[in-house]
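# Summary of structural features
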Amino acid sequence: MRYLQILILLLSLGIKSFSYNIDDYIFFNKAVEANEKKEYKNSLFFYEVYQKNFPYSYPLKSNYAKFYIAKNYMDMGKLDEALLYFSRAVYIPEKYVKQEVKKTNYFQYRRDYFSGEIYLKKGEELKAEEYFKRLLLDYYDPQLEPYEKKALKILEKINSKYKVLYQVKYNEDFKYLKEFKKDELLKLSDYFYEKKKYEKVIQILKEVDGFENLPYDKKIVYVECLLRMDENRKVIDLTNKLEEGEVRLAFYRGVAFEQNRDFPRAIYNYENIKDSRLRDRALFRTARIYYRLEEYRKAKDIIEKSTKEDESIKSLKLDIYIKLQNKKRFIQNYNEFKELYPQNPKMGLYYMVSNKLAQKVDNPWELANYNIFFTSNYVVRSYLNSLVNFEMKNGYKEEVLKNALTQIGELGKSELLEVAVQSANFDLDSESTQDKITIINSFIDSGFYREAFEKVDDFKREFYRYRNLLHYIYPKFYRREVESARKIYILPQSLIYTVMYTESKFDNENIKFGRVGLMGIPEEMIKGNEELYFDPKTNLEMGSKILKEIYEKHNGMILKTLIEYLYGEKVLKTLNFELDGDLKIETITDEKFQKEIEEIVYTYSFYSAIYN
């Protein structure tokens, strides 16, 4: 018995001594901070001790630290040593590895920019030009653009063509378009397309050639831009005579008729699409038209011909089975749908119908006849009540892990915390819900809200299954600033948070598609003062002031207020609202826009339900 007690005591002491050593992170950060204070010799001393004493430190092994060591050598004027470290393998963040298209490694861009600067200082202009040219983008990326701007300003001293490129891309001075070759113009059209500057894309492609002489892929871009500009008649005229194989243009011709509400011609065009890559999309859009026209049996017959089973198609099937009151088909499809897409905005509605069917209540289908805003508020509250809570673990191991990550977060660098999360030094299980919560909390507690929200986005499908995890998906970051703005302008908190969620994903330095900061202030209103509006308090007060004006204009109608703030008055006027300010979602022609409106409405409903 005594031996057993000793064994238990030893095990207990072993557990209590379990900890994570983060000395390497703390020491590395001392070197970074010394560099930031321009104490370059001290920084170098710390880096040398760090490398000698922590050779297996993950920041060093992952190449993350080497960038900062190189930067310090550069600041000291030790250019060859800086180039040596910059030339070594670049740190690759996990999210970069997971990207399937347009891999934009911020570290690589910074490395290339500083390498170019070093070669300039060494008088090697050709080598410098090689590095700066790597920073020129064929696509839109607001995170990388500052480096492209800097590179262009340096390159224009070497060759005047770069000055012209800067004028076109960043001042939108199109008088210089004639100085570009055809292939350069085509790249520019891609850039402005991704920036959602559709009129500019049309202007550039017209400079390239007439529509009929454009490459096929650029014809598609041209037509897509016209559709987004609601220039449906122009699309119909341009696609009147199509060559064999131009099937996507034939599909867009159908979209143009549909957006013009000429449904018979839209259906005719969709029915003539035989290409296997587009046939399912054509069937889906045809079924949507019949659904809008309340011809549900036709919609059912068409959508069931589809060989593709994605989220949109499965959701439309459920909508149709509700309208047809087809209990058997609805239950079959619902059981599969809830496992695959728990994060779908309409899950609450489908759950309620399923629940009423199980309880055998009278008219279980009735709720689906109401409009989007009324339905969403009702079903979200019911859906929340259907969820179970996740059982949190707060054991010794979880506390130690949380403490270690929190200490790294307190160093004030989100990148360093991200490096720690990727490292194998911490006992983090990527499949464990509890460890995911610990990771997110470490970002939140450190005030890294954008990064926390990005992490949650990866976990949405899992977190939607638990009632007590929904506040991670719909967080209330910047509470103090929101409360201050709300009191000044007397607005519902849920309204402000929905705008922040949609516009910036809680990135206070957001500057995308001409909108700035947390609430997406239009750039034309603050031209030249963008950085001032990165401040959360300033941005929220300005955004709430604009929101209040729209809110009062629409007599407190939430849906109208949200749509005008997020999309503008012009878009709002294209929608058919009921007298109570609600909207029949199926009357929206554009499939992508319809889904966006659904998500916005349900975001507002979740915020209202979770926190009230």
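Residues numbered from 1 in each chain as written. Predicted model: local features only at pLDDT ≥ 70, side-chain atom pairs only at ≥ 80, totals over all residues. Heavy atoms only, no water.

Attention now goes to the packing of aromatic side chains. Within this structure, the stated rule accounts for 57 aromatic pairs. Here the aromatic rings of Y119 and Y131 are separated by 5.6 Å at their centres, their planes lie at 20°, and the arrangement is stacked. On the criterion of sequence distance, the pair formed by Y119 in helix α8 (residues 106–121) and Y131 in helix α9 (residues 125–133) is long-range, its members being twelve residues apart. Like Y131, Y119 is buried. Geometry around Y611 places K476 over its ring, the cationic atom sitting 4.6 Å from the centre. (Phe/Tyr/Trp six-rings, centres within 6.5 Å; stacked < 30°, edge-to-face > 60°. Helix = DSSP H or I, 4+ residues; strand = E, 2+ residues; numbered from the N terminus. Buried < 20%, exposed > 50% of the residue type's maximum accessible area, 1.4 Å probe, protein only. Lys NZ or Arg CZ within 6 Å of the ring centre and 35° of its normal.)

On to the sheet that holds strand β3 (residues 521–522), then. Taken in spatial order, the three strands line up as β1-β2-β3 in an open sheet, and their pairing is antiparallel. Only two strands of the sheet have a single neighbouring strand rather than two, namely β1 (511–512) and β3. Two elements, β1 and strand β2 (residues 515–516), share two bridges in a ladder whose sense is antiparallel. Residue pairing across strands places K512 opposite R515, the latter belonging to β2. (Pairing = 2+ DSSP bridges.)

Turning our eyes to something else, we now look at the packing of helix α3 (residues 40–53) against helix α5 (residues 64–76). Taken N-terminus to C-terminus, the directions of α3 and α5 make an angle of 145°; their axes are 10 Å apart at the nearest point. Note that α3 runs across α5; the crossing there is left-handed. Within the contact between the two elements, α3 uses Y40, K41, S43, L44, Y47, E48, Y50 and Q51 and α5 uses A65, Y68, I69, N72, Y73, D75 and M76. Classifying every residue of the contact of α3 with α5 by side-chain character gives nine nonpolar, three polar and three charged. (Axes fitted to C-alpha atoms, helices over the stretch in contact; angles between N-to-C directions. Left-handed = near helix turned anticlockwise from the far one by under 90°. Contact = heavy atoms within 4.5 Å. Nonpolar A, V, L, I, M, F, W, Y, C, P; charged D, E, K, R; others polar.)

The next point concerns the pattern of salt bridges. Counted according to the given criterion, the structure contains 51 salt bridges. K487 is the salt-bridge partner of E483, the closest N and O atoms lying 3.8 Å from each other. With E483 and K487 both in helix α29 (residues 479–489) and four residues apart, this pair spans about one turn of that helix. Taking the relative accessible area as the measure of exposure, E483 reaches 24% and is therefore partly exposed. In this structure, the salt-bridge partner of E503 is R515, at a minimum N-O distance of 2.7 Å. Of this pair, E503 sits in helix α30 (residues 493–503) while R515 is found in strand β2, placing the two residues twelve residues apart along the sequence. Like E503, the residue R515 is buried in the burial classification. (Salt bridge = Lys/Arg side-chain N within 4 Å of Asp/Glu carboxyl O.)

Right, let's get into the nonpolar core. When a protein is soluble and globular, its nonpolar side chains tend to lie buried together. With 202 residues, the main nonpolar core has Y25, F330, F426 and M500 as its most contacted residues. Looking at this core, the element that brings in the most residues is helix α34 (residues 591–611), giving nine residues. Once residues lying within four places of it in the same chain are set aside, the contact partners of F330 are L318, Y321, I322, Y350, V353, S354, L357 and W365. (Core = buried A, V, L, I, M, F, W, Y, C linked by side-chain atoms within 4.5 Å.)

With that settled, consider a nonpolar patch on the surface. Taken together, Y370, F374 and Y378 make up a surface patch of nonpolar side chains, about 330 Å² in accessible area. In this fold, Y378 is placed in helix α23 (residues 372–386). (Patch = residues over 30% accessible without salt bridge, like charges linked within 9 Å, V, L, I, M, F, W, Y side chains within 5 Å. Areas by Shrake-Rupley, 256 points an atom, 1.4 Å probe, with all protein chains shown as cover.)

Here α34 is 21 residues long and its end C-alpha atoms lie 31 Å apart, about the 30 Å a rise of 1.5 Å per residue gives. A distance of 3.0 Å separates the backbone nitrogen of K592 from a side-chain oxygen at the start of α34, and that oxygen is part of D590. (Expected span 1.5 Å × (residues − 1). Polar contact = N/O pair within 3.5 Å; in protein donor to acceptor, adjacent residues only side chain to side chain.)

With that settled, consider the confidence of the model for the chain. Per-residue confidence for the chain gives a mean pLDDT of 88; residues scoring 70 or more make up 95%. The weakest mean pLDDT in the chain belongs to helix α1 (residues 2–16) at 40; the strongest belongs to helix α19 (residues 296–303) at 96. Segment residues 1–18: pLDDT under 50, and five contacts once partners within four positions in sequence are set aside and those in other chains are kept. (pLDDT = per-residue confidence, 0-100.)

So, on to the side chain of E224. For E224, the location among the structural elements is in helix α14 (residues 216–228). Those residues in contact with E224, other than ones at most four positions away along the chain, are Y193 and Y252.

What describes two packed helices is the angle between their axes and the distance between those same axes. Here helix α11 (residues 161–171) crosses helix α12 (residues 182–194) at 25°, and the two axes come no closer than 11 Å. When the axis of α11 is compared with that of α12, the two are roughly parallel. Regarding α11 and α12, the two cross each other, and that crossing is right-handed. Contact residues: L165, V168, K169 and Y170 in α11; L188, Y191 and F192 in α12. Here the residues of the contact of α11 with α12 are counted per class, giving six nonpolar, no polar and one charged. (Parallel < 35°, antiparallel > 145°, perpendicular 65-115°, else oblique.)

Structurally, L583 is set in the loop between α33 (569–572) and α34. Assessed through its relative accessible area of 0%, L583 is described here as buried. Excluding residues that lie within four positions of it along the chain, L583 makes contacts with N371, I372, L559, I563, L575, N576, F577, I588 and I597.

Turning to the side chain of D435, a few remarks are in order. For D435, the position within the fold is in helix α26 (residues 433–445). When neighbours within four sequence positions are excluded, D435 is seen to be in contact with K397, L401, D427, L428 and D429.

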